[in-house]
Amino acid sequence: MKLAGKVAIVTGGAQGMGRAISLRYAEEGAKVVVADLNREGADGVAQEITAQGGEAVGTGVDVRNAAQADAMVATAVERFGSVDILVNNAGVIKIIPFLETTEADWDFMFGVNCKGVLFCSQAAARRMIEQGRGGKIVNLASQAGRRGEALVLAYCASKACVISMTQSMALALADHRINVNGIAPGIVDTPLWVDVDKQFAKLLNMEVGEPKATFIKSIPLGRIEQPEDVTGAAVFLASADSDYITQQTLNVDGGSWPS
Ligand SMILES: NC(=O)c1ccc[n+]([C@@H]2O[C@H](COP(=O)([O-])OP(=O)(O)OC[C@H]3O[C@@H](n4cnc5c(N)ncnc54)[C@H](O)[C@@H]3O)[C@@H](O)[C@H]2O)c1
């Protein structure tokens, strides 16, 4: 087991990739704090883990709120005694043409995808520094952060921001032996993409399901990514196997993007 004795917090853990990472971390021996705006969903995933013999607790958090991020870390410490791993997975997307992108759209995506990463990372890093034995922060970026898309400006920019924040945080925390790395998934079969498909279909005058099918055709490995496909990289970047790796964002996207 790669994460035995570690305490991990996974934001956005109620569904999709956050759920898959939470379950896999528990299998690898970590005690998991499943944190989400959807408290009921977070509790459900924590129950799934305990039913399988693991240790987990669900907690409610809005990652945009610094006090709530602090409370999330406090929950981990109260319940399990430390924080060793933080996965900044909570994220939101809206598909909107450039000229129609409003301040509210921008603030929504940057609020969760970037400010949330800042506040949760600060809260966890303060605790990791106090503990004095290093730590791991893993940020969910996206292939959308590697390039622009006409209908996805704010989300692409927010994920490019996550890649940049990963680099700055890695440098800021290197002296404390806290590794900060990212994962850039491709098109992942989660509730998020069900919604993305509908939004693209409306904007492009396509049938529901058509945008997803079109995008899948361009994936070199020939199939849509499953939430479980990111869990290997998430374990690696949270484990001692990646102790000499920091500042990196790893593409886990079926070969869609070269670097
Ligand atoms: N699905 C994809 O194709 C894809 C691709 C690349 C990157 N990503 C990124 O990976 C991450 C996970 O994506 P997913 O597809 O599993 O998403 P999802 O929508 O299925 O799950 C996201 C979770 O985040 C939670 N959340 C949203 N706002 C929150 C907030 N303010 N505070 C706390 N929790 C909040 C939601 O309640 C939900 O449980 C996101 O950061 C997303 O941007 C997704």
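Just so you know, these numbers come straight off a predicted model, no measurement behind them. (Residues numbered from 1 in each chain as written. Predicted model: local features only at pLDDT ≥ 70, side-chain atom pairs only at ≥ 80, totals over all residues. Heavy atoms only, no water.)

1. Quick look at the pairing of strand S4 (residues 85-88)
Here comes step 1: Here S4 shows a buried face lined by Ile85 and Val87 and a second buried face lined by Leu86 and Asn88.
Here comes step 2: Alignment of strand S1 (residues 7-11) against S4, held across 3 bridges, turns out to be parallel. Its bridge partner lying in S4, valine 10 is registered against valine 87.
Here comes step 3: One crossover worth recording links S4 to the parallel strand S5 (residues 135-140) by way of helix H4 (residues 103-131), and it is right-handed. (Buried < 20%, exposed > 50% of the residue type's maximum accessible area, 1.4 Å probe, protein only. Helix = DSSP H or I, 4+ residues; strand = E, 2+ residues; numbered from the N terminus. Pairing = 2+ DSSP bridges. Right-handed = clockwise from strand over helix to strand, strands pointing away.)

2. With respect to the site of the ligand
Here comes step 1: Near the ligand you find 29 residues, and of these Asp36, Tyr155, Val188, Thr190 and Trp193 are the closest.
Here comes step 2: For the ligand, an oxygen atom lies 2.9 Å from a polar atom in the side chain of glutamine 15.
Here comes step 3: Coverage of the ligand by the protein amounts to 94% of the 830 Å² it exposes when considered alone.
Here comes step 4: The site holding the ligand turns out to be the largest pocket.
Here comes step 5: Counting only elements with at least two residues in the shell around the ligand, the list comes to helix H1 (16-27), helix H5 (153-173) and helix H6 (191-204).
Here comes step 6: Among the elements that make up the shell around the ligand, the one with the highest residue count is H6 (3 residues).
Here comes step 7: Its residues placed into classes, the shell around the ligand shows 17 nonpolar, 8 polar and 4 charged. (Near = heavy atom within 4 Å. Polar contact = N/O pair within 3.5 Å; in protein donor to acceptor, adjacent residues only side chain to side chain. Areas by Shrake-Rupley, 256 points an atom, 1.4 Å probe, with all protein chains shown as cover. 1 Å grid on protein atoms, 1.4 Å probe; cavity = no way out; pocket = protein on both sides within 12 Å on 5 of 7 lines; lining within 4 Å. Sits in = over half its atoms within 2 Å of the grid points. Nonpolar A, V, L, I, M, F, W, Y, C, P; charged D, E, K, R; others polar.)

3. Digging into the layout of surface pockets
In this approach the atoms are scanned with a rolling probe the size of a water molecule, which exposes any empty space left behind.
Here comes step 1: Considered as a void within the structure, the largest pocket measures approximately 1,000 Å³ in volume.
Here comes step 2: Gly91, Val92, Ile93, Tyr155 and Leu192 are the residues nearest the centre of the largest pocket, which is lined by 49 residues in total.
Here comes step 3: Taken together, the elements giving at least two residues each to the lining of the largest pocket come down to H1, strand S2 (31-36), H4, H5 and H6.
Here comes step 4: With 6 residues, the single largest contributor to the lining of the largest pocket is H6.
Here comes step 5: Across the lining of the largest pocket, the residue classes tally to 28 nonpolar, 14 polar and 7 charged.
Here comes step 6: Lys6, Arg133, Gly135, Lys136 and Asp243 are, among the 16 residues lining the second largest pocket, the residues nearest its centre. (Points joined across faces, edges and corners; volume = space filled by probe spheres on them.)

4. Things to note about the pattern of salt bridges
Here comes step 1: Scanning all chains against the criterion turns up 12 salt bridges.
Here comes step 2: Note that glutamate 28 is salt-bridged to arginine 24, the shortest N-O span being 3.1 Å.
Here comes step 3: Since its relative accessible area comes to 12%, glutamate 28 is described here as buried.
Here comes step 4: On the basis of relative accessible area, arginine 24 is assigned to the partly exposed category, the value being 25%. (Salt bridge = Lys/Arg side-chain N within 4 Å of Asp/Glu carboxyl O.)

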